[in-house]
Amino acid sequence: MTENNTEKIETQYDYSFEYIQKKLEGKKDSFGMLMKEIVRTGVCTECGTCAAVCPVLEWDHVTAQPKLTGKCTGCGICYNQCPRTITDPYVLMGQFGTGYVANTNIPEVIGGQDGGTVTSILCYLFDEHLIDAAIVTMKDPSKPWHPVAQIITSKDDAIKSSGSIYSHSQTVEALMDAIRQDFRSIAFVGTPCNIDAVKKMFDSPTGMLKYFMRAHVLSIGLFCMDSFAPEAIYPFFEKDGIDLSKVQKMDINKGKFHVYYDPEAEPIKSYTIKQLDKFKSSSCNFCTDLTAENADISVGSVGSGAKRNTVFARSGLGREIMEDAAEKGYLTIEPFNAINLNAVLFLAKLKKVAQYNIQKRKVFIVRDTVEEEEPRIETKPEIQQDSVKSPLGTRKFISASQTLKEREKVVTLSLTNTIGYVLEDLKIRIVTVEELFEKRPWITTIKELFPFETIEIGYPLDVPEGQPIAANILVEASTESFGKLFSRTFKVAPTEEKTK
Ligand SMILES: Cc1cc2nc3c(=O)[nH]c(=O)nc-3n(C[C@H](O)[C@H](O)[C@H](O)COP(=O)(O)OP(=O)(O)OC[C@H]3O[C@@H](n4cnc5c(N)ncnc54)[C@H](O)[C@@H]3O)c2cc1C
Ligand code: SF4
Ligand code: SF4
Ligand code: SF4
């Protein structure tokens, strides 16, 4: 290669680096994000692209990672070339025709969740006789802040349904009821996972709604970052002094969860989302859709400021409805460029890559034998009892299995949290039952057992040398808040013994 050629290549390279730098201005992607999302999570393919495009990055063959050799400007070029990052706006937010910043003009709706756009759309649809029913989610009158999906048929009920409840709602059940009741034109409001269910039921070859030609469903999707298990988060709120019956509003804003007794006043309590992470519904860890990518109209708050909504009209019908509702005075809309798109893209990306950060603990190292408790004198072994009565009914919180390491004379008990939220301070008690007496109690407390996480506990058997292994092991698990969750007696015997 001649000197001239080298110069030419360098000039072109500099030009494209600067050009892309300008294009990426204002975005928060950087080398730090690349390390956090891709390299430290183990998602990196070691292709070396990041190092190839940046003058201050080189490939470190020892650590098999990119390494800085100079000052990083945070331009984000490396992040945007990496094959594992998600950067295309349409991949992050789905396809849409146009977007708006919107807020309600209906006085009774002002003070709804954000801009009151969803409720205003429903009011418009009822007034214009474009729908005969809508599926919404309201608060269960018998259980404060528990969601119940409802079929509504009037504007008044639409107004009553405004506001967000940050928990899964069984909206599709209500939709099926509405279809069975012969409602023909239905607006369906739901989180992205709810919208996906409806889409699948319409589009998939085996979809249940595919053949309901009479039902027209307009889907209005809510942006959604996460939802929380009521059985886990509400007891935590109550312990923290919140009276749920007095709560008027909950909202999530800039990474904080706020609880209000008076929506116009300061929140009574605020938590970082990180603090509440353990109460998050397990499914939300696997969810990659922030903006309800499959809805006709998607509505959220991020990107549009207080008391307003960011709206994407994804179908022609969605666009017509938005614009006609604005023309008829239900809504005020501002055009697409009023949206702070970078804020939406940033959150959408956090959600798409969240699944890279899931690191499941599979095995707990439980401390060695602790004789913390006097053996109970007499107990009746509970045989093969899988689910035990708890204050929440017969829901199965824990499943368990055992394997025997014959040579070591150790039985390994695997206990799995089978519900969708974390079990805190889980007390596990293991004893050997001989006739009616308990011996050698082992007690341990697991601080947190995450949803679907399994712990393994090795329990040594007391079998004299030369004697065959035969033992009944009683395993019990309880928490302070739920009481006894699990109790089962395992008959431990060598494999050939069992098959006899
Ligand atoms: C679980 C959850 C998480 C969310 N996370 C985010 C987020 O991270 N970022 C963001 O920008 N926006 C988020 N949103 C959306 C936001 O809270 C508002 O719903 C949205 O901005 C519309 O505001 P609005 O003023 O138009 O709503 P409103 O006019 O007050 O109408 C709200 C509608 O939501 C319905 N609804 C309430 N709770 C549920 C529920 N659990 N399931 C299904 N429908 C429900 C009601 O029936 C009502 O029709 C979330 C919403 C939910 C339900
Ligand atoms: S200077 Fe730009 S391309 Fe280089 S490491 Fe920093 S963010 Fe990445
Ligand atoms: S470009 Fe992405 S995948 Fe390739 S080496 Fe760099 S971080 Fe890894
Ligand atoms: S985060 Fe995903 S799975 Fe969880 S409620 Fe929202 S849309 Fe559904």
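Computed from a predicted structure; not experimentally measured.

## Comments concerning the overall build of the chain
So, point 1. Along the backbone of the chain there are 14 helices and 20 strands.
So, point 2. Here the chain holds 500 residues, and the buried ones make up 36% of them.
So, point 3. Here the analysis covers contacts within the chain between residues at least 6 apart in sequence; of these, 66% occur between residues at least 24 apart.

## A closer look at the pairing of strand E15 (residues 410–417)
So, point 1. Alternating residues of E15 divide into Val411, Leu413, Leu415 and Asn417, all buried, and Val410, Thr412, Ser414 and Thr416, none buried.
So, point 2. With eight bridges connecting them, strand E14 (residues 398–405) and E15 associate as antiparallel partners. Looking at E15, one finds that Gln402 is bridged to Leu413.
So, point 3. As consecutive antiparallel partners, E14 and E15 are separated by four residues, and within that stretch Lys409 has a phi angle of approximately 55 degrees, a positive value.
So, point 4. Relative to strand E18 (residues 454–460), E15 is paired through seven bridges, and the arrangement is antiparallel. Looking across to E18, one finds that Leu413 is bridged to Ile457.

## Topic: the sheet that holds strand E20 (residues 483–492)
So, point 1. An order of E17-E16-E19-E20 is seen for the four strands of this open sheet, with the pairing classed as antiparallel. For this open sheet the edge positions go to strand E17 (437–449) and E20, each flanked by a neighbour on one side alone. Here the average twist between neighbouring strands, direction ignored, is 15 degrees.

## As for the site of ligand 3
So, point 1. In the neighbourhood of ligand 3, 14 residues make up the surrounding shell, with Cys44, Cys47, Thr49, Cys50 and Cys82 lying closest.
So, point 2. Put simply, the parts of the chain that give the shell around ligand 3 at least two residues each are helix H2 (31–39) and helix H3 (49–53).
So, point 3. With three residues, H2 is the largest single contributor of residues to the shell around ligand 3.
So, point 4. Here the shell around ligand 3 is built from residues that sort into nine nonpolar, three polar and two charged.

## Description of the packing of helix H8 (residues 171–180) against helix H9 (residues 192–203)
So, point 1. At a minimum axis separation of 9 Å, H8 and H9 run at an interaxial angle of 40 degrees. Here H8 lies oblique to H9, going by the angle between them. Here H8 contributes Thr171, Val172 and Leu175 to the contact with H9, which in turn contributes Asn194, Ala197 and Val198.
So, point 2. By residue class, the composition of the contact of H8 with H9 is four nonpolar, two polar and no charged.

## Considering unusual backbone geometry
So, point 1. The residue Lys254 is not glycine, and still its phi comes out positive at about 45 degrees.
So, point 2. Note on placement: Lys254 falls in the loop between strand E8 (249–253) and strand E9 (256–260).

## Quick look at the nonpolar core
Across soluble globular proteins, you tend to see nonpolar side chains buried next to one another.
So, point 1. Ranked by internal contacts, the top residues of the largest apolar core, which has 62 residues, are Ala134, Ile135, Ile186, Ala187, Phe188 and Ile220.
So, point 2. Among the elements that line this core, the one with the most residues is helix H6 (residues 117–127), at seven residues.
So, point 3. Setting aside chain neighbours within four positions, we find Ile186 in contact with Ile131, Ala133, Ala134, Ile135, Leu175, Ala178, Ala215 and Val217.
So, point 4. Core analysis: the next-biggest nonpolar cluster, separate from the first, contains 38 residues, Phe257, Val411, Leu415 and Val492 among them.

## Describing the site of ligand 1
So, point 1. Close to ligand 1 lie 35 residues; Gly112, Gln113, Val136, Met225 and Gly300 are nearest.
So, point 2. Counting only elements with at least two residues in the shell around ligand 1, the list comes to H6, strand E4 (133–139), strand E6 (185–190) and strand E11 (297–300).
So, point 3. Of the residues assigned to the shell around ligand 1, the class counts are 13 nonpolar, 21 polar and one charged.

## A few points about the environment of Thr85
So, point 1. Inspection of the secondary structure assignment puts Thr85 in the loop between helix H4 (77–81) and helix H5 (89–93).
So, point 2. Classification of Thr85 as buried rests on a count of 21 C-beta atoms within 10 Å.
So, point 3. Each C-alpha atom of the pair Thr85 and Lys352 lies 9.3 Å from the other, and the pair is 267 residues apart in sequence.
So, point 4. Those residues in contact with Thr85 that lie beyond four places of it in its chain are Leu34, Glu37, Ile38 and Tyr79.

## Some points on helix H12 (residues 316–327)
So, point 1. Under the 1.5 Å per step criterion, the end-to-end length of H12 is 16 Å for twelve residues, consistent within 8% with the ideal 16 Å.
So, point 2. Of all the positions in H12, only Gly318, Ile321, Met322 and Ala325 are classed as buried. All buried residues of H12 lie within an arc of 95 degrees about the axis, which places them on one face of the element. In H12, those exposed residues whose orientation departs by more than 90 degrees from the buried face are Gly316, Glu320 and Glu327.
So, point 3. The inward-facing, buried residues of H12 abut strand E3 (98–104), H6, E11, strand E12 (309–313) and strand E13 (331–334).
So, point 4. Following H12 by one or two positions, Gly329 has its phi on the positive side, about 90 degrees.

## Here's the deal with the confidence of the model for the chain
A low pLDDT means the predicted coordinates there should not be read in detail.
So, point 1. On average, residues of the chain score 85 in pLDDT, and 85% of them are at 70 or above.
So, point 2. Scored below 50 in pLDDT, residues 1–10 makes one contact in the model with residues more than four places away or belonging to other chains.

## Thoughts on the sheet that holds E14
So, point 1. The three strands are arranged E14-E15-E18 in an open sheet whose pairing can be described as antiparallel. Of all the strands in the sheet, just E14 and E18 have a single pairing partner and so form its edges. Ignoring strand direction, the axes of neighbouring strands in this sheet form an average angle of 20 degrees.

Conventions we followed
- Residues numbered from 1 in each chain as written.
- Chains lettered and ligands numbered in written order.
- Predicted model: local features only at pLDDT ≥ 70, side-chain atom pairs only at ≥ 80, totals over all residues.
- Helix = DSSP H or I, 4+ residues; strand = E, 2+ residues; numbered from the N terminus.
- Buried ≥ 20, exposed ≤ 12 C-beta atoms within 10 Å, placed from the backbone.
- Contact = placed C-beta atoms within 7 Å.
- Pairing = 2+ DSSP bridges.
- Axes fitted to C-alpha atoms, helices over the stretch in contact; angles between N-to-C directions.
- Near = placed C-beta within 6 Å.
- Nonpolar A, V, L, I, M, F, W, Y, C, P; charged D, E, K, R; others polar.
- Parallel < 35°, antiparallel > 145°, perpendicular 65-115°, else oblique.
- Core = buried A, V, L, I, M, F, W, Y, C linked by C-beta atoms within 7 Å.
- Expected span 1.5 Å × (residues − 1).
- Arc of directions from axis to C-beta.
- pLDDT = per-residue confidence, 0-100.

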